[in-house]
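# Structural features, examined
Chain by chain, the residues run as shown.
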Amino acid sequence: MRKNHTPTLIKKILRKWNRWFINRFIRPQFDQLGHSTAIHQPTTLQITGNNIAAGNFLHIISNRQQPVTLTSWRSKQQRGEIVIGDYCLISPGVNIAAAQSINIGDNCMLASGVYISDSDWHGTYNRIRPFRCTQPVTLNNNVWIGLRAIIGKGVTIGENSIIGAGAVVINDIPANSIAAGNPAKIVKRLDPKKKMLRREFLFSQDDDYWNAQDELEDAFGKNNHFFHWIKVLIAPSRHD
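Below: a short report on this structure. For clarity, every value in this text was computed on a predicted model and none was experimentally measured. (Residues numbered from 1 in each chain as written. Predicted model: local features only at pLDDT ≥ 70, side-chain atom pairs only at ≥ 80, totals over all residues. Heavy atoms only, no water.)

## Regarding unusual backbone geometry
Cis geometry marks the peptide bond from Asn 182 to Pro 183, where omega comes out at -5°. Checked against the element boundaries, Pro 183 lands in the loop between β19 (177-180) and β20 (185-189). One non-glycine residue with positive phi stands out, namely Asn 176, at about 55°. Within the secondary structure layout, Asn 176 lies in the loop between β18 (168-169) and β19. (Helix = DSSP H or I, 4+ residues; strand = E, 2+ residues; numbered from the N terminus.)

In structure tokens, the structure reads:
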């Protein structure tokens, strides 16, 4: 569709259902989940395992074609954990899998298709022991991971750094750097003295940001009518 034809009343009902579903079914799957969580298509979010926690203003965009997956594995030797800070954005298709520890700081942004793992999952010679080849992964505050980048075990990415699209990161990246390639190498340095707006700025008025987005969406759809919406669902035309 070229346009969202959903009537405002239906949108409001769907938003209430979304919030109810998050609190009823998603929140209990986290060991800890902060306030003002927003999840697009929460029914598609896949959470497996314990020791998964996230902070305030978490924003997850998931869908049927590209579900977001958070997985912590457990063995006799160790228990995986995933910790996500405040104001983080997780885009469609992100896959985070921990056998030991994955720690994501505040204001981090993960683009579509990003894969983060703290384990090789199988040994080089002994391939029946999947949990003895792990090292923790740390993304410090305000890290931005580009489209389909891969973050391998034992990697620490410094504050404010950016990982380019498609990069494969197997070594530490220092703060205020832009890295790209396979394996990822530093291609540019950021000036730490320059002012940098972080995601938390969007929420400086508490949850007014989400309310403003809802009001904007309703304004664009104020002329949507119920029967035309039904018609579009059944028999859309080239003008829809």
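This is not the end of the story, as more comes after the structure.
## Considerations on the side chain of Ser 119
For Ser 119, the position within the fold is in the loop between β12 (115-117) and β13 (137-139). Within polar-contact distance, the side chain of Ser 119 engages the backbone nitrogen of Trp 121 at 2.8 Å. (Polar contact = N/O pair within 3.5 Å; in protein donor to acceptor, adjacent residues only side chain to side chain.)

## Points about the sheet that holds strand β3 (residues 46-48)
Taken in spatial order, the six strands of this open sheet run β3-β6-β9-β12-β15-β18, and their pairing is parallel. Each of the sheet's edge strands pairs with one partner strand only, and the pair in question is β3 and β18. (Pairing = 2+ DSSP bridges.)

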